[in-house]
Amino acid sequence: MRNVVIIGSGPAGLTAALYTARANLSPLVIEGLDAGGQLMLTTEVDNFPGFRDGIMGPDLMANMRAQAERFGAEIKQGRVSAVTVTGSTITVTTDQGPIETTSLIIATGATAKLLGLPNERALMGHGVSTCATCDGFFFRGKPIAVVGGGDSALEEANFLTRFASKVTLIHRRDTLRASKIMQDKAFKNPKIEFEWDSEVLDVKDAAQGVVSAIVTRNLKTGVTKEIPVDGVFVAIGHTPNTSLFTGLLETDANGYLLTKDGSKTSVPGVFACGDVQDHIYRQAITAAGSGCMAALDAERYLEHLGQ
Ligand code: NAP
């Protein structure tokens with residue numbers, strides 16, 4: 001029987017691991033298939049305090065992991081297929097068998113949303129991407145499109161101008177959702193063009209197995225247009241990774257876990273932190289902060305049980 005199991009290894013999960021390890025609770029982190037979380041897909045992180053000159057996302061995650069391990073956190077790869085609760089025992093079923101624990105910290109994060117076009121899936125990894133950092137390099141000197149109007153879309157568009165000959169940003173409205181500073185940066189970038197009030201109808205050319213163009217429709221005029229591009233980056237937001245907890249834990253209408261009094265979920269002994277329970281702030285620093293809260297809440301819960 002474990003004291004604490006943590007599912008997820010982004011800033012929230014690893015901060016929870018650091019704190020519970022330092023509290024001598026010997027946490028086990030199940031890091032999942034996308035170890036390190038969304039920061040593994042980012043370049044420069046300039047807004048994590050303490051790094052005056054910025055730090056690369058993957059480096060920040062490697063540091064967090066090493067710091068948690070220094071205090072004895074055990075980190076295992078694995079896929080969790082079920083979580084059940086019987087009395088005060090929580091069973092986490094993984095591909096390597098069941099693990100019993102007295103407390104559970106959920107830090108499973110959120111996953112990039114897709115447009116839902118059939119060819120988008122068919123061409124994923126063949127010109128369609130949700131990760132500019134991972135795939136931008138492949139589009140050196142080529143025209144590409146970015147879909148979305150939030151901070152993610154603008155950050156990706158700006159980043160991709162390092163490689164692409166031109167970036168067309170396709171947004172379904174005529175005003176951006178992104179922060180003013182990101183908008184200013186994008187408007188000043190001569191390589192970024194805006195396709196306003198437009199939805200994406202199709203990505204071509206699935207038959208050839210490569211992206212050759214994106215088909216858009218102007219929502220005000222109804223005019224359709226084919227824009228030749230070699231790549232399409234979809235940056236339209238995220239879905240919380242909560243399907244494992246359906247029927248067990250309370251969520252909001254969008255599937256984000258509901259927490260109260262800090263990180264407490266609707267089941268005693270189960271705590272949640274990071275993007276899986278936060279659709280508002282979604283920052284590395286807020287995720288890390290909520291990971292700390294979950295660790296302290298789990299520690300108090302175990303103390304209360306006399307463990
Ligand atoms: P977001 O703010 O939810 O923006 C999603 C964008 O995609 C919106 O412009 C939305 O259009 C569009 N969209 C959604 N579904 C769509 C669909 N089916 N078809 C076409 N367009 C669609 O998501 P985000 O940009 O990923 O940002 C999430 C959070 O992370 C925000 O709080 C953001 O500030 C933060 N963030 C911060 C930074 C940074 O500070 N450096 C970087 C990235 C993200 P509408 O505007 O019309 O709804």
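Please read all numbers here as calculations on a predicted model, not as lab measurements.

## Considering the environment of Ile6
Following the sequence through the fold, Ile6 ends up in strand S1 (residues 2-7). In sequence terms Ile6 and Pro118 are 112 residues apart; their C-alpha atoms lie 35 Å from each other. Discounting residues that sit within four places of it in the chain, Ile6 has contacts with Gly13, Ala16, Ala17, Thr20, Pro27, Leu28, Val29, Ile30 and Ile105.

## What to know about the pairing of strand S8 (residues 97-106)
Counting buried residues along S8, seven of its 10 residues qualify, which places the element largely inside the surrounding structure. Here S1 runs beside S8; their pairing, made up of five bridges, is parallel. Looking across to S8, one finds that Val5 is bridged to Leu104. Here strand S7 (residues 89-94) pairs with S8 via five bridges, running antiparallel. Note that in S8 the partner of Val92 across the bridge is Ile99. Linkage of S7 to S8, two consecutive antiparallel strands, is achieved through a turn of two residues. As defined by bridge partners, S8 adjoins strand S19 (residues 270-272) across three bridges and the pair is classed as parallel. Across the sheet, residue Leu104 finds its bridge partner in S19, namely Val270.

## Quick word on a positive patch on the surface
Positive charge collects at one region of the surface, where Lys113, Arg172, Arg173, Arg177 and Arg282 lie side by side. For Arg177, the position within the fold is in the loop between strand S12 (166-170) and helix H6 (180-188). A relative accessible area of 62% places Arg177 in the exposed class.

## Overview of the side chain of Glu156
With respect to the helices and strands, Glu156 occurs in helix H5 (residues 151-160). If near-sequence neighbours (up to four positions away) are discounted, Glu156 is found in contact with Thr130, Cys131, Ala132, Phe233 and Ala235.

## Thoughts on unusual backbone geometry
Backbone geometry follows two general trends: most residues other than glycine have a negative phi, and most peptide bonds adopt the trans configuration. Here Lys204 and Asp205 are connected by a cis peptide whose omega angle stands at 20°. Mapped onto the elements, Asp205 comes out in the loop between strand S14 (198-204) and strand S15 (213-218). A positive phi angle, close to 45°, is found at Asp261, a residue other than glycine. Note on placement: Asp261 falls in the loop between strand S18 (238-240) and S19. Take Asp261: its relative accessible area is 56%, and that puts it in the exposed class. With a phi angle near 50°, Arg282 is a residue other than glycine that sits in the positive phi range. Along the chain, Arg282 turns up in the loop between S19 and helix H7 (284-305). Arg282 sits in the partly exposed class, given a relative accessible area of 37%.

## Points about the nonpolar core
Grouped together as the largest cluster of nonpolar side chains are 32 residues, with contacts concentrated most on Ile6, Phe48, Leu60 and Ile105. Elements supplying a minimum of two residues to this core: S1, helix H1 (11-22), helix H2 (57-70) and H7. For this core, the element with the most residues is H7, which contributes eight residues. In this structure Ile105 touches Val4, Val5, Ile6, Ile7, Ala16, Thr20, Phe271, Cys273, Ala294, Ala295 and Ala298, once residues within four positions along its chain are discounted. Counting 21 residues, the second largest nonpolar core, distinct from the first, contains Leu154, Leu160, Ile192 and Ala235.

Analysis parameters
Residues numbered from 1 in each chain as written. Predicted model: local features only at pLDDT ≥ 70, side-chain atom pairs only at ≥ 80, totals over all residues. Heavy atoms only, no water. Helix = DSSP H or I, 4+ residues; strand = E, 2+ residues; numbered from the N terminus. Contact = heavy atoms within 4.5 Å. Buried < 20%, exposed > 50% of the residue type's maximum accessible area, 1.4 Å probe, protein only. Pairing = 2+ DSSP bridges. Patch = residues over 30% accessible without salt bridge, like charges linked within 9 Å, V, L, I, M, F, W, Y side chains within 5 Å. Areas by Shrake-Rupley, 256 points an atom, 1.4 Å probe, with all protein chains shown as cover. Salt bridge = Lys/Arg side-chain N within 4 Å of Asp/Glu carboxyl O. Lys, Arg positive; Asp, Glu negative; His and termini not counted. Charge placed at Lys NZ, Arg CZ, Asp CG, Glu CD. Core = buried A, V, L, I, M, F, W, Y, C linked by side-chain atoms within 4.5 Å.

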